[in-house]
Amino acid sequence: MTNENPAPGSTAARAGRWIGRLEIAIPSILLMLVMLLIIVEIVLRNLGIQGFHWLEEVSRNTLVIATLLGSSLAVRSGGHMVMDTLYEVVSPRARHALRTVVALICAVFFLYIGGYAAYWTIQLTQIGKTMETLQAPAYIMWIFVSFAFVSMGVRYTMEFVKGLLHRETTAASASEF
């Protein structure tokens, strides 16, 4: 069996590390930005100054984007919650098969939702829909939503393929999957 990871100094490895850093940095920066804006809004309101009328819309969109990008990252790191009661009572071989099937179901679901989100993004572009308070094109947010769902679908597809290629039946290898 060949090594699935690129050579440590290769361009693919550097690109992978760069993308990995961006996946962590973008949601983190977005959440810190929202937190800062909300704190400024609270201070302004307590001083009797009318706050930013666009802040709620920006906060909502930013939180949606950060959450979806973080969800994609959680697929990569195995950080999603799992109802593992069934996994605990079945054999290691059945556990591995079950995880592989679940990865396939999730891949199909998220790729479908991502495709639909991409379709919706195109529709928003064609009709010229804008955000209510910012008057910015609404498709901007949906580009991130589409990307996040497709990214989750691709990651689950990779987990499914990994499950097909690694057919170990020991308890340790099944739990590492």
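Residues numbered from 1 in each chain as written. Predicted model: local features only at pLDDT ≥ 70, side-chain atom pairs only at ≥ 80, totals over all residues. Heavy atoms only, no water.

## Section: the overall build of the protein chain
Step number 1: Counting secondary structure elements, the protein chain contains six helices and zero strands.
Step number 2: For the protein chain, the α and β elements follow one another from N to C terminus as α-α-α-α-α-α.
Step number 3: Looking at the protein chain residue by residue over its 177 residues, the buried ones come to 31%.
Step number 4: Counting contacts in the protein chain only where the partners sit at least 6 residues apart, residues at least 24 apart contribute 69% of the total.
Step number 5: When the accessible surface of the protein chain is totalled, it reaches about 11700 Å², and 69% of it is carbon and sulfur. (Helix = DSSP H or I, 4+ residues; strand = E, 2+ residues; numbered from the N terminus. Buried < 20%, exposed > 50% of the residue type's maximum accessible area, 1.4 Å probe, protein only. Contact = heavy atoms within 4.5 Å. Areas by Shrake-Rupley, 256 points an atom, 1.4 Å probe, with all protein chains shown as cover.)

## Quick notes on the pattern of salt bridges
Step number 1: Throughout the structure, instances matching the rule amount to three salt bridges.
Step number 2: Between Glu 41 and Arg 45 there is a salt bridge, and its shortest N-O distance comes to 2.9 Å. Linking Glu 41 with Arg 45, this pair stays in helix 1 (residues 11-46), spanning four residues, or about one helical turn.
Step number 3: Residue classification places Glu 41 among the buried residues on the basis of a relative accessible area of 7%.
Step number 4: By relative accessible area, Arg 45 is classed as exposed at 58%.
Step number 5: Between Glu 159 and Lys 162 there is a salt bridge whose closest N-O contact spans 3.1 Å. (Salt bridge = Lys/Arg side-chain N within 4 Å of Asp/Glu carboxyl O.)

## Here's the deal with the packing of helix 2 (residues 55-77) against helix 5 (residues 139-165)
Step number 1: At a closest axis distance of 9 Å, the pairing of helix 2 and helix 5 adopts a crossing angle of 15°. The angle between the axes of helix 2 and helix 5 places the two elements in the roughly parallel class. The interaxial crossing formed by helix 2 with helix 5 has left-handed handedness. Residues Asn 61, Val 64, Ile 65, Leu 68, Leu 69, Ser 71, Ser 72, Val 75 and Arg 76 of helix 2 lie in contact with helix 5, whose contacting residues are Met 141, Phe 144, Val 145, Phe 147, Ala 148, Phe 149, Ser 151, Met 152, Arg 155 and Tyr 156. (Axes fitted to C-alpha atoms, helices over the stretch in contact; angles between N-to-C directions. Parallel < 35°, antiparallel > 145°, perpendicular 65-115°, else oblique. Left-handed = near helix turned anticlockwise from the far one by under 90°.)

## Some thoughts on the environment of Ile 29
Step number 1: When you line up the elements, Ile 29 lands in helix 1.
Step number 2: What makes Ile 29 exposed here is its relative accessible area of 53%.
Step number 3: Between the C-alpha atom of Ile 29 and that of Ala 66, which follows or precedes it by 37 residues, the distance is 8.8 Å.

## Remarks on unusual backbone geometry
Step number 1: Even without glycine at this site, Gln 135 takes up a positive phi of about 60°.
Step number 2: Secondary-structure assignment places Gln 135 in the loop between helix 4 (92-127) and helix 5.
Step number 3: Taking relative accessible area as the criterion, Gln 135 reaches 52% and is therefore assigned exposed.

## Examining the packing of aromatic side chains
What describes a pair of aromatic rings is the distance from one ring centre to the other and the angle between the planes of the rings.
Step number 1: Counted under the stated rule, the structure contains five aromatic pairs.
Step number 2: Where Phe 110 meets Tyr 156, the ring centres are 5.8 Å apart and the plane angle is 5°; that geometry is what we call stacked. Within this pair, whereas Phe 110 is found in helix 4, its partner Tyr 156 is found in helix 5, the two being separated by 46 residues in sequence. Each member of the pair, Phe 110 together with Tyr 156, is buried.
Step number 3: With a centroid separation of 6.0 Å and an interplanar angle of 45°, the aromatic rings of Tyr 116 and Tyr 119 are classed as tilted. (Phe/Tyr/Trp six-rings, centres within 6.5 Å; stacked < 30°, edge-to-face > 60°.)

## Quick look at the side chain of Glu 57
Step number 1: Looking at the element boundaries, Glu 57 is found in helix 2.
Step number 2: Although Glu 57 lies buried, it forms no salt bridge, and the closest oppositely charged side chain, Arg 60, sits 4.8 Å away as judged by the N-O distance.
Step number 3: Sequence-distant contacts of Glu 57, that is, excluding residues within four places in its chain, are made with Met 131, Glu 132, Thr 133 and Leu 134. (Lys, Arg positive; Asp, Glu negative; His and termini not counted.)

## Here's the deal with the nonpolar core
Step number 1: Ranked by internal contacts, the top residues of the largest apolar core, which has 18 residues, are Leu 68, Val 145, Phe 149, Met 152 and Tyr 156.
Step number 2: Where this core is concerned, the elements lending two or more residues are helix 2, helix 4 and helix 5.
Step number 3: In terms of residues, this core owes the most to one element, helix 5, which gives seven residues.
Step number 4: Excluding residues that lie within four positions of it along the chain, Met 152 makes contacts with Leu 68, Ser 71, Ser 72, Val 75 and Phe 110. (Core = buried A, V, L, I, M, F, W, Y, C linked by side-chain atoms within 4.5 Å.)

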